Amino acid sequence: MSHTLHPMRKARLQRSELAVPASNPAMIDKAADGPADYVFLDLEDAIAPSEKVQARKNAIQALNDIDWRAKGKTVSVRINGLDTHYMYRDVVDVMEQAGDKVDTLLVPKVAVTGDLYMVEAMVNQIEQAKGFTTRVGLEALIETALGMANVEAIAQFGGRLEALHFGVADFAASMRARTTNIGGLNPHYPGDQWHASISRMVVACRAYGLRAIDGPFGDFSDPEGYKDGARRAAALGCEGKWAIHPSQIALANEVFSPPEAEVTRARRIIEELRKAEAQGKGAAQLDGRMIDAASERMAMNVLVLADAIAAK
Ligand code: GLV
Ligand code: MG
């Protein structure tokens, strides 16, 4: 290992991340009792301008009325972008009125570190003024060409930042990619046209101790397409994916949970390496394959995740 190491800033189980328009209180109630690991109450793109103020009030009420933590969920609010006049009041009202109940603020369309600096400074002041002993985290959506161009700098922001999300729909728009699908594959592209961008974001996340989350898949009548996309994201190191429809929650939970056979193999890797260690050896064999200290690190990732799921 290098002498420079950025540990995970904050671990959270985030296999499935349900997007809930805060304009719809019935959907919020349903989300609270559903199987998602993580719910975000949306004040941004799912909300029409005429509903923005009411949606903000609904989100605050839901944070105060529902005990999300007792329900085993992380709860977040997606505030509006810094280019809108809704954003400052989203932060002020949500934080002043429910800042000790919300786990994170999800900041959309982050393009430069200054975007996070502004939110962080506001949150710091409000928590101090209110005397909260809790500490809200920040998560950033990487979904513009400028955000992706600056992703390494954004990942190094520090402060309260704990995760980056790949917002494929806005990213496609910002890139002027030839699609109107949210997250689907383009049949004219030989492979996954989002591969390079997700991979780039995941590298930035893992280098600086952040969680990496894959964004939406719009066609909720195509569960296999969703799962394929989720599996590709998981293969690259993402630990969860958005669900824009309740039917996608179980799909995400399935794909981002290690199957029993993988957990068993991870345990056997550790066992075999312990035996080898007792004999003064660094490497061993398991089912005809070489395993060593790097195998142990991979296996521990699986076991830590399995433990977090079991503890839920
Ligand atoms: C999410 O916000 C997206 O744009 O995909
Ligand atoms: Mg977006």
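## Considering the overall build of the protein chain
And then number 1: Across its full length, the protein chain holds twelve helices and ten strands.
And then number 2: Over its C-alpha atoms the protein chain spans a radius of gyration of 20 Å, differing by no more than 12% from the 20 Å that the globule rule assigns to 312 residues.
And then number 3: Its C-alpha atoms put the protein chain at 65 × 50 × 40 Å along the principal axes.
And then number 4: Taken across its 312 residues, the protein chain has 49% of its residues classed as buried.

## Observations concerning the pattern of salt bridges
Once the charged atoms of two side chains with opposite charge are near each other, the side chains can pair.
And then number 1: For the structure shown, the criterion picks out 29 salt bridges.
And then number 2: Its salt-bridge partner being Glu-44, residue Arg-78 comes within 3.2 Å of it at the nearest N-O pair. Placement of the pair is Arg-78 in strand S3 (residues 74-78) and Glu-44 in the loop between strand S2 (38-42) and helix H2 (52-65), with a sequence separation of 34 residues. Comparing Arg-78 with Glu-44, the two get one shared label, buried.
And then number 3: Here Asp-90 and Arg-56 are joined by a salt bridge, their closest N and O atoms 2.7 Å apart. Of this pair, Asp-90 sits in helix H3 (residues 87-98) while Arg-56 sits in helix H2, and the two are 34 residues apart along the sequence.
And then number 4: Given the relative accessible area of 1%, Asp-90 is considered buried.

## Describing the coordination of the magnesium ion (ligand 2)
Ideal values for angles at a metal depend on the geometry: 109.5 degrees with four tetrahedral donors, 90 or 180 degrees with six octahedral donors.
And then number 1: Only Glu-143 (OE) and Asp-170 (OD) from the protein coordinate the magnesium ion (ligand 2), and they sit 2.0 to 2.1 Å from it. Linking Glu-143 in the loop between strand S5 (137-142) and helix H5 (145-149) with Asp-170 in helix H7 (residues 168-175), this pair joins segments that are 27 residues apart in sequence.
And then number 2: Residue classification places Asp-170 among the partly exposed residues on the basis of a relative accessible area of 23%.

## Considerations on the domain arrangement of the protein chain
And then number 1: Splitting the protein chain by domain gives domain 1 (16-255) and domain 2 (260-311).
And then number 2: Computed from C-alpha atoms alone, the centre-to-centre distance between domain 1 and domain 2 is 33 Å.

## What about the pairing of strand S4 (residues 104-107)?
And then number 1: The alternating pattern of S4 places Thr-104 and Leu-106 and Leu-105 and Val-107 on opposite faces, both of which are buried.
And then number 2: Relative to S4, S3 is paired through three bridges, and the arrangement is parallel. Bridged to Val-77 within S4 is Leu-105.
And then number 3: Viewed along the sheet, the connection from S3 through H3 into S4 turns out right-handed.
And then number 4: Of the strand pairs in this sheet, S4 and S5 are connected by four bridges, and their pairing is parallel. Considered in S5, the bridge of Leu-106 is made with Glu-139.
And then number 5: Following the backbone out of S4, through helix H4 (residues 113-130) and into the adjacent parallel S5, one traces a crossover that is right-handed.

## What about the sheet that holds strand S1 (residues 16-21)?
And then number 1: On the basis of which strands lie adjacent, the closed barrel formed by eight strands has the order S1-S2-S3-S4-S5-S6-S7-S8 and parallel pairing. Averaged over all adjacent pairs, the angle separating strand axes in this sheet is 25°, with direction ignored.
And then number 2: Across the face of the sheet, helix H1 (residues 25-32) comes into contact with S1 and S2 while running at roughly 160° to S1.

## Some details on the environment of Gly-209
And then number 1: For Gly-209, the position within the fold is in the loop between helix H8 (195-207) and strand S7 (211-214).
And then number 2: Sequence-wise, Gly-209 and Lys-10 are 199 residues apart; in three dimensions their C-alpha atoms are separated by 8.0 Å.
And then number 3: Those residues in contact with Gly-209 that sit more than four places away from it in its chain are His-6, Pro-7, Met-8 and Arg-9.

## Describing the nonpolar core
And then number 1: Formed by 70 residues in total, the largest nonpolar core has its most connected members in Leu-41, Trp-68, Leu-105 and Leu-164.
And then number 2: Top contributing element to this core by residue count: H3, with six residues.
And then number 3: Judged by nonpolar contacts, the second largest core, of 13 residues, contains Ile-270, Leu-286, Ile-291 and Ala-299.

## Quick notes on the side chain of Gln-14
And then number 1: Relative to the elements of secondary structure, Gln-14 occurs in the segment before S1.
And then number 2: Separated by 2.6 Å, the side chains of Gln-14 and Arg-211 make a polar contact.
And then number 3: Among all residues touching Gln-14, those that are not within four sequence positions of it are Asp-37, Tyr-38, Glu-139, His-165, Arg-211, Ile-213, Glu-239, Gly-240 and Lys-241.

## Details of the site of ligand 1
And then number 1: Near ligand 1 you find Arg-78, Glu-143, Gly-167, Val-168, Ala-169, Asp-170, Pro-216 and Trp-242, and these make up its full shell.
And then number 2: Relative to its unbound accessible area of 190 Å², ligand 1 is 94% covered by the protein chains.
And then number 3: At three residues, the largest contribution of residues to the shell around ligand 1 is made by H7.

## Quick look at the packing of aromatic side chains
Each aromatic ring pair is summarised here by two numbers: the centre-to-centre distance and the angle between the ring planes.
And then number 1: Overall, the coordinates contain five aromatic pairs when judged by the stated rule.
And then number 2: Ring centres of Phe-217 and Tyr-226 lie 6.1 Å apart, and the angle between their planes is 85°; on these two criteria the pair is classed as edge-to-face.
And then number 3: Residue Tyr-226 is classed as buried on the basis of its relative accessible area, which comes to 0%.
And then number 4: Cluster of aromatic residues (ring-pair linked, three or more members): Phe-166, Phe-171 and Trp-194.

Calculation criteria
- Residues numbered from 1 in each chain as written.
- Chains lettered and ligands numbered in written order.
- Predicted model: local features only at pLDDT ≥ 70, side-chain atom pairs only at ≥ 80, totals over all residues.
- Heavy atoms only, no water.
- Helix = DSSP H or I, 4+ residues; strand = E, 2+ residues; numbered from the N terminus.
- Rg over C-alpha atoms; globule rule 2.2 N^0.38 Å.
- Buried < 20%, exposed > 50% of the residue type's maximum accessible area, 1.4 Å probe, protein only.
- Salt bridge = Lys/Arg side-chain N within 4 Å of Asp/Glu carboxyl O.
- Donors = N, O, S within 2.8 Å, 3.2 Å for Na, K, Ca; no water.
- Domains from an automatic or database assignment.
- Pairing = 2+ DSSP bridges.
- Right-handed = clockwise from strand over helix to strand, strands pointing away.
- Axes fitted to C-alpha atoms, helices over the stretch in contact; angles between N-to-C directions.
- Contact = heavy atoms within 4.5 Å.
- Core = buried A, V, L, I, M, F, W, Y, C linked by side-chain atoms within 4.5 Å.
- Polar contact = N/O pair within 3.5 Å; in protein donor to acceptor, adjacent residues only side chain to side chain.
- Near = heavy atom within 4 Å.
- Areas by Shrake-Rupley, 256 points an atom, 1.4 Å probe, with all protein chains shown as cover.
- Phe/Tyr/Trp six-rings, centres within 6.5 Å; stacked < 30°, edge-to-face > 60°.

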